[in-house]
Amino acid sequence: MAEPRISSIDGKLAEEFAVPSHVEEVKEKMAAFASFHAEAGRKVVLITSGGTKVPLESRTVRFLDNFSSGRRGASSAEYFIDSGYAVIFLHRHRSLYPYTRMFLTINMLDALEFQGGGAPGNTGEVVVNQQVLPNIAKVLKRYEEVKKSRLLLPIEFSTLSEYLHLLKAAAQALSKIGSKAMFYLAAAVSDFYIPASEMPEHKIQSSNGPLQVRLSMKMVPKILSPLVKEWAPQAFVISFKLETDASILLDKARRALDTYRHQAVVANVLDSRRGYVVVVTLETQAELILTEEDVKNEVEIEERIVSNLTSAHDNFITQQVA
Ligand code: 9Z3
């Protein structure tokens, strides 16, 4: 299928996807963040993380969700910061978040206790139970350093519309720092949507019979195309390709590279994504694999992905300058 013209994507975005009211304000914040860090000699990465939500009704009771826990985005943010980057973290509301991600499975009240025990009448100072949270001090220390140096700018989205408009705003904001910007598009983004003009206002009634969702949904415009060609043409852009059928994965990844001509695709299969990915570029293909030993040592595959991409980004910047 032919790619829609770039300008038609801009028009479609404005017409069919509700513009979030705070988009201009967020864009300015992102632009200020990017210039501040670029002037300090840092590279800046925009990470997208978590799944988009597509409403089926304008007064939304039901929606279609794309699966993603947000772990890849959240852990990658930490590794990018460790590698000297400043991070804009465009993430799904309530998906995993850098640093706190490690404590998500813990009930906060189980991790707290009264100093001196829970004797009746003791409503004194509350302290952390270090057995429930053994590494809390180390993580808190790092979190505070990151906060103090303002290395992490969190921005939230929930719906596909918010994601698309905020990503466009981010791309325009980061275009000012040229090749020092990296886009790491790990969010799981819906391919289908219902345009606002065709969406029923009220809750769809089951008394109307079975719901034929797929037939009435349109294709989401391919945002990567204007991002690479128009909004941030000098940036280093990485997309992710997710499949459940391993046999079509690499072909799909290469096709995406051929179409958009960006710098790399990180290809993964849903079930094996924690231990195996392939970083595909126009000329190369690198398999990143965690061994049993790595898993025992709690190595995360995101550390390898980030290491691979930060080196590639450095080469990219050198080539642009040369
Ligand atoms: C991914 O492939 C991510 O690696 C995962 C990470 C979502 C699998 P978790 O958040 O999982 O750690 O649980 N993201 C990209 C998915 C996507 O929607 N890609 C689009 C596609 O495949 C194109 S950019 O068509």
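Residues numbered from 1 in each chain as written. Predicted model: local features only at pLDDT ≥ 70, side-chain atom pairs only at ≥ 80, totals over all residues.

To be explicit about the condition: UniProt positions are given in the numbering used here, feature names are shortened, and annotations may be inferred rather than shown by experiment.
Per an unreviewed UniProt entry, the chain goes by Phosphopantothenate--cysteine ligase and derives from Astatotilapia calliptera. Of the chain, the UniProt comment under Sequence similarities (unreviewed entry) reads exactly: "Belongs to the PPC synthetase family."

## Quick look at the overall build of the chain
Defined as follows: Counting from the N terminus, the helices are DSSP H or I runs at least four residues long and the strands are E runs at least two residues long. We compute the radius of gyration from the C-alpha atoms alone; for a globule the expected value is 2.2 Å times N to the 0.38, where N is the number of residues. Counts of 20 or more other C-beta atoms within 10 Å of a residue's own C-beta define buried residues, counts of 12 or fewer define exposed ones, and intermediate counts define partly exposed ones; C-beta atoms are placed from the backbone. Once C-beta atoms are placed from the backbone, any two residues with those atoms within 7 Å are in contact.
For the chain, the count of helices and strands is 9 helices and 14 strands. The globule rule puts the C-alpha radius of gyration for 322 residues at 20 Å, and the 22 Å found for the chain is close to it. Its C-alpha atoms put the chain at 70 × 65 × 40 Å along the principal axes. Buried residues in the chain amount to 34% of all 322 residues. Here the contacts in the chain between residues at least 6 apart in sequence split such that 73% fall between residues at least 24 apart.

## A word on the packing of helix α3 (residues 71-82) against helix α9 (residues 301-321)
The condition is simple: Every angle, taken between N-to-C directions, lies between 0 and 180 degrees, and every axis is a line fitted to C-alpha atoms, over only the stretch in contact when it is a helix. Each angle receives one of four descriptions, namely roughly parallel if under 35 degrees, roughly antiparallel if over 145, roughly perpendicular if within 65 to 115, and oblique otherwise. Note on convention: the crossing is left-handed when the near helix lies turned anticlockwise from the far helix by less than a right angle, right-handed when the turn is clockwise.
Between α3 and α9, the least distance of the axes is 9 Å, while the angle of their chain directions is 55°. On the basis of their axis angle, the class for α3 and α9 is oblique. For the crossing formed where α3 meets α9, the hand is right-handed. Contact with α3, carried on its side by Arg72, Ser75, Ser76, Tyr79 and Phe80, involves Glu302, Glu303, Ile305 and Val306 of α9 and no other residues of that element.

## Some details on the sheet that holds strand β4 (residues 86-92)
Adjacent strands of a sheet pair through backbone hydrogen bonds, lying either parallel or antiparallel. This is how the line gets drawn: Pairs of strands are assigned from DSSP output, requiring at least two bridges between the strands.
An order of β7-β4-β1-β8-β11-β12-β13-β14 is seen for the 8 strands of this open sheet, with the pairing classed as mixed. A single partner strand is all that each edge strand has here, and the edge strands are β7 (152-157) and β14 (285-289). Taken pair by pair, the neighbouring strands of this sheet meet at an average axis angle of 15°, ignoring direction. Across 6 bridges, the pairing between strand β11 (residues 236-243) and strand β12 (residues 264-269) is parallel.

## With respect to the site of the ligand
Spelled out, the test is: In this analysis a residue is considered near a molecule or strand if the C-beta atom, reconstructed from its backbone, is found within 6 Å of that molecule or strand. The nonpolar class holds Ala, Val, Leu, Ile, Met, Phe, Trp, Tyr, Cys and Pro. Asp, Glu, Lys and Arg form the charged class, and all remaining residues, Gly among them, are polar.
As a matter of local geometry, the ligand sits amid 15 residues, with Ser68, Ser69, Arg72, Phe240 and Leu242 nearest to it. Within the residue set of the shell around the ligand, elements represented by two or more residues are α3 and β11. Residues of the shell around the ligand, tallied by class, amount to 6 nonpolar, 5 polar and 4 charged.

## As for the confidence of the model for the chain
Filter applied, for reference: Confidence of the prediction at every residue is given by pLDDT, a number between 0 and 100.
Per-residue pLDDT for the chain has a mean of 92; in total, 96% of the residues score no lower than 70. Predicted confidence is poor over residues 1-6, with pLDDT under 50, and the contacts of this stretch with residues over four places away or in other chains come to 8 contacts. The ipTM value of the predicted complex is 0.96, and its pTM value is 0.94.

## Details of the pairing of β4
Within β4, 7 of the 7 residues are buried, which leaves the element mostly enclosed by the surrounding structure. Burial along β4 is two-sided: the face carrying Ala86, Ile88, Leu90 and Arg92 and the face carrying Val87, Phe89 and His91 are both buried. Bridging between strand β1 (residues 44-49) and β4 involves 6 bridges; their strand directions are parallel. Counted as the bridge partner of Ile47 is Phe89 from β4.

## As for the nonpolar core
Selection criterion: By convention the nonpolar core is taken to be a set of buried residues drawn from Ala, Val, Leu, Ile, Met, Phe, Trp, Tyr and Cys and joined through C-beta atoms within 7 Å.
Counting 72 residues, the largest nonpolar core has Val87, Ile88, Ala170, Leu174 and Ala181 as the members making the most contacts within it. In terms of residue count, the dominant contributor to this core is helix α5 (residues 160-174) (10 residues). Once you skip the residues sitting within four places of it in the chain, Val87 turns out to touch Val45, Ile47, Ala77, Phe80, Ile81, Leu151 and Leu152.

## Topic: helix α7 (residues 246-260)
Every α-helix winds through 3.6 residues per turn, so residues three or four apart in the chain are directed the same way. Formally: The span one expects for a helix is its residue count, reduced by one, times 1.5 Å.
Taking 1.5 Å of rise per residue, 15 residues should cover 21 Å, and α7 covers 22 Å from first to last C-alpha, within 8% of that figure. A positive backbone phi angle near 60° is found at Arg261, which sits one or two residues after α7.

## Details of the UniProt feature "domain: DNA/pantothenate metabolism flavoprotein C-terminal" (unreviewed entry) in the chain
Per the UniProt annotation, the sites labelled "domain: DNA/pantothenate metabolism flavoprotein C-terminal" (unreviewed entry) are residues 43-95 and 172-274. A distance of 25 Å separates the end C-alpha atoms of residues 43-95, which is 23% helix and 36% strand.

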